[in-house]
Every structure is written in C-alpha cells, then in structure tokens.
Amino acid sequence: MRTASLLLAGTALLATAACGAGSAETADGKPDVVAAFYPLQWLSEQVGGSDVRVTVLTAPGVEPHDLELGAQQVAQLGDAGLTVYIRGVQPAVDDAVEQHAADKAFDAATAVRTLPAGEHQEGGEEHAVSYDPHLWLDPSRLATVVTKLGERLAQTDPEHAKGYRDRAAKTAAALGALDQEFTKGLTTCATRTLVTGHEAFGYLADRYHLKQIGITLDPEAEPSPARIAEVAQLAKAEKVTTIFTESLVSPKVAEVLAKEVGAQTQTLDPLESKPSGDYLSAMRQNLRTLQTALRCTA
Ligand SMILES: [Zn+2]
C-alpha cells in the first residue's frame, strides 16, 4: 500500500517536472497542439488525427478578435509542442506566442501570400499588421496552409511523420474540391458585390472575383453615420439586394443599412467560431447563401 502511493507520487512528480521543463509531450506521449481559434483547430485535428491532443484557446461562441488569455492558457501555450495561430487576428495570442512559444509556433499567415489590410484597421495601433489576417476563408490558401502544417508536425514529432503528411494531403484534397465547387458555383452571378458588416471576406472575394464592401473591419466597432451612408450609396449603385451579417455580431448595423438600401439581410459565416457542422459543411452553406444572394446560375 505504502509503496504504491509512493510510486504514484513519484510518477506525478516526474510528470510535473516534464511539464515544467516545457516538454512537447504529455503523459501519454502525444504532443499537445494549441490552436488559437476554430479554423485552426479544425486543421490541427485533421492533420494531427489521433497522434496529437488538440486544444483551442477561443471557446465556441466567443468572438476571437478581442480574446483575453488567462494565466493558465498562457502556461498551456508555453508547454505545448506546437501553437497554431495567425498573427494579426488576436493580439493576446500574438503576445503570448512571442513571449512563451516563439520557437514552437506555426503562423499560418507565413504560409501563404497575404492580401493588404482593409482601410478599416482592426486592433490597436501597436498590434496592427499590414495584411488582412482572414486567410482561412479562401479554401485554396487553406490547402497550402494544411500542407505546411503537416510538414511542421512531421518535424515536431518525426516518429509519426507519415501520418501527418498523409492526413495533410487528404485535407488539402478536400479543400481543393471545395475550391472547385466555389469557382464553379460563382462563375455567373447577377452581381459580384458582397456587402458585409464585418470585413472578413477579402480572401474569398479575391479568390472568386467578387468585390467586398465591408462596413467595418472590427466586428464590434460602431460605424459612423457617414460610413453607413457611403456604403448605402455604393450598394445601391451595385444593385445589391442582400447585406450580409453574422451570428456572433449584432445585426443592427446591417439591418439599418439594408433598410436604407431596400435589401434583405442574410447570415454569412466568417468561421471565427465553431459552426454547427465543420469547416467544410459551413463553407458549403456559405456558398449556397452566396449563390442565392448574388443571383448566380450554376
Ligand atoms: Zn475578423
């Protein structure tokens, strides 16, 4: 009895010591992967499979941009084998990575060609990045990200390298198929102008030759009456019949604008939080919404 509890105590001590040393592996030998928010969680789960343990910093239903991290989350990030994030989305995560995980982090923004930031800059001056960080809304860019993430995990945990590379290739293929569906589904549309409450769809617009007019880049900012009037005028000129809004943000601004333009509102998911399905099914729902709103003929 006494020996057993001593042994247990010894094991616990060892586990604690390993953690404190910033070990990439947990007690069961699996690397911990910390994903900053949903699309990166989905990617990490697809690539990591059962070889990693994935945790996410942004809880479902929480708008990720102004996430604040608790001490425990910062420690978790410091101990993880790999943190997957996009610099420019969440200032708190950017800071924590810089201070605690600079050499154990994968920044998806470094994996693809980024687009310049919109004119309505997000975040405070000191955290602002020069590019638009919403790159996950272009499936073709995300396919590039997932391939590079597979390579990074293969380096982090060489013993399971083949599994990471195989699953990354499978996910990249699924994203490639989704990209084809978007290209095909948005070929012929009555309008190609996308009026959105939160300027998150720049990459989607870039990839499929749409034009995004965002009311504001910061989903929680209150736009000025002058900005609303300006967007209303643009929307009327482009014969826009739908103003897009999203579930995590109050639709008030979009509704005011829709009334002014004589349009209706529709939800388009920027996938900043976990959808009811997964990334692929939520993007397919977005495609159907766009096809109806932009009056596309497939
Ligand atoms: Zn955003």
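Use the structure listed above.
Bear in mind the structure is a predicted one, so any value in this text is a computation, not a measurement.

So what about the pattern of salt bridges? Which residues, and what values?
Here the structure, examined in full by the defined rule, presents 11 salt bridges. For Glu 151, the salt bridge goes to Arg 165, with nearest N and O atoms at 2.8 Å. Remark: Arg 165 occurs in helix H6 (residues 161-185) and Glu 151 occurs in helix H5 (residues 139-156); sequence separation between them is 14 residues. The partner of Glu 238 in a salt bridge is Lys 211, with the nearest N and O atoms 2.7 Å apart. Of the two residues, Glu 238 is situated in the loop between helix H8 (225-237) and strand E9 (242-245) and Lys 211 in strand E8 (residues 211-216); the sequence distance between them amounts to 27 residues. Taking the relative accessible area as the measure of exposure, Glu 238 reaches 28% and is therefore partly exposed. A cluster of three or more residues bridged by salt bridges with shared partners is formed by Arg 113, Asp 138, Arg 141 and Asp 206.

Can you lay out the sheet that holds E9 for me, pointing to particular residues and giving the numbers?
The four strands are arranged E8-E7-E9-E10 in an open sheet whose pairing can be described as parallel. The sheet terminates laterally at E8 and strand E10 (264-267), the two strands that pair on one side only. In this sheet, neighbouring strand axes are inclined to one another by 30° on average, regardless of whether the strands run parallel or antiparallel. Here strand E7 (residues 193-198) runs beside E8; their pairing, made up of five bridges, is parallel. Pairing of Thr 196 across the sheet is with Gly 214, part of E8. Its contacts with the sheet put H8 on E7 and E8, and the angle it makes with E8 is roughly 160°. Sitting on the sheet, helix H10 (residues 279-293) touches E7, E9 and E10, and the angle it makes with E9 is about 160°.

Lay out the state of the cysteines with the relevant residues and their values.
Using the criterion set out here, one finds one disulfide in the structure. The disulfide partner of Cys 189 is Cys 296, and the S-S distance across this bridge is 2.2 Å. Here the S-S torsion is close to 100°, and the disulfide linking Cys 189 with Cys 296 is therefore right-handed. Here Cys 189 is found in the loop between H6 and E7, whereas its partner Cys 296 is found in the segment after H10, with 107 residues between them in sequence.

The rules behind these values
- Residues numbered from 1 in each chain as written.
- Predicted model: local features only at pLDDT ≥ 70, side-chain atom pairs only at ≥ 80, totals over all residues.
- Heavy atoms only, no water.
- Salt bridge = Lys/Arg side-chain N within 4 Å of Asp/Glu carboxyl O.
- Helix = DSSP H or I, 4+ residues; strand = E, 2+ residues; numbered from the N terminus.
- Buried < 20%, exposed > 50% of the residue type's maximum accessible area, 1.4 Å probe, protein only.
- Pairing = 2+ DSSP bridges.
- Axes fitted to C-alpha atoms, helices over the stretch in contact; angles between N-to-C directions.
- Contact = heavy atoms within 4.5 Å.
- Disulfide = S-S within 2.5 Å.

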